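# Report on the structure
In case you want the letters, here they are:
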Amino acid sequence: MGTPRPQTPPSPSGIKSSTAIKLGTLGVLSVLVVGFCAAQDDYEEVGADCVDTSTLNPDGSYVVVDDDYCDDDGGSHYYGSHGAYRWYYGGTRSGGRVYRGTTVRPADAQITTRTGRVVQRGGFGFHSGGGG
C-alpha cells in the first residue's frame, strides 16, 4: 500500500452557486409580481355625469341628463332626437349643469356615477352593466 493521497479541499461546486442565483432571481421576481399586483389597486376615483353634449353653454358647461341616456359599453354614445348623450368625467357639478371635465374616459380609474353605480373599475377597464 503506498502513501495515502493528500486530501484536497472540496472545490466549490457549480451547483451551489447556480442554486443561489436561481433563488435570488426568484426572490426578485416575486417582489416585482407582488408590487405589480399592489399597483393594480392604486387607481384614481372619478365621478361621471351623463350629459347632452349638444347643450354646450357659453360658460363651457353641459346640461346633466338622466344616467339612462348614456350607454356604458366602453365610451360610445347615443345620438337621440334630443342630441348626443355621453359620460362626462371628473367635472364639477353645479345644479343641473357640469363643467371642467372631459368626455375622454380616463384610464386606470374607478368611475362612478353620482348615484353610486360603477361605470368602470380601475386597472383592467372592467365595466358593469345594470341599473343603479
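The preceding data block contains the structure.
This report concerns the structure included in the present document. (Residues numbered from 1 in each chain as written. Predicted model: local features only at pLDDT ≥ 70, side-chain atom pairs only at ≥ 80, totals over all residues. Heavy atoms only, no water.)

Next up on the list: unusual backbone geometry. Here the phi dihedral of Arg100 falls at roughly 60°; this positive angle occurs in a residue that is not glycine. When you line up the elements, Arg100 lands in the loop between strand S6 (97-99) and strand S7 (109-113). For Arg100, a relative accessible area of 67% translates into the label exposed. (Helix = DSSP H or I, 4+ residues; strand = E, 2+ residues; numbered from the N terminus. Buried < 20%, exposed > 50% of the residue type's maximum accessible area, 1.4 Å probe, protein only.)

Inspection of the entire model under this criterion finds two aromatic pairs. Ring centres of Tyr62 and Tyr88 lie 5.3 Å apart, and the angle between their planes is 65°; this geometry places the pair in the edge-to-face category. With a gap of 26 residues between them, Tyr62 in strand S2 (residues 62-64) and Tyr88 in strand S4 (residues 83-89) connect regions that are remote in the sequence. Here Tyr62 falls in the buried class, since its relative accessible area comes to 14%. (Phe/Tyr/Trp six-rings, centres within 6.5 Å; stacked < 30°, edge-to-face > 60°.)

Bringing the nonpolar core into the picture now. Core analysis: the largest hydrophobic core is formed by eleven residues, namely Val46, Ala48, Cys50, Val65, Cys70, Tyr85, Trp87, Tyr89, Ala109, Ile111 and Val119. Those elements that place two or more of their residues in this core are strand S1 (44-52), S4 and S7. Excluding residues that lie within four positions of it along the chain, Cys70 makes contacts with Cys50, Val51, Tyr85, Arg86 and Trp87. Ranked by size, the runner-up nonpolar core spans five residues in total, among them Val51, Tyr62, Val64 and Tyr88. (Core = buried A, V, L, I, M, F, W, Y, C linked by side-chain atoms within 4.5 Å. Contact = heavy atoms within 4.5 Å.)

Moving on: the state of the cysteines. Evaluation of the coordinates by the stated rule reveals one disulfide. A sulfur-sulfur separation of 2.0 Å characterises the disulfide bridge that pairs Cys50 with Cys70. Between Cys50 and Cys70 the sulfur-sulfur dihedral comes to about 95°; the bridge is accordingly right-handed. Highlighted residues: Cys50 in strand S1 and Cys70 in the loop between S2 and strand S3 (78-80), separated in sequence by 20 residues. On the basis of relative accessible area, Cys50 is assigned to the buried category, the value being 0%. (Disulfide = S-S within 2.5 Å.)

With that out of the way, let us pick up the pattern of salt bridges. Here the structure, examined in full by the defined rule, presents three salt bridges. Between Arg93 and Asp49 there is a salt bridge, and its shortest N-O distance comes to 3.2 Å. Here Arg93 is found in strand S5 (residues 92-94), whereas its partner Asp49 is found in strand S1, with 44 residues between them in sequence. Judged by relative accessible area, which is 38%, Arg93 ranks as partly exposed. (Salt bridge = Lys/Arg side-chain N within 4 Å of Asp/Glu carboxyl O.)

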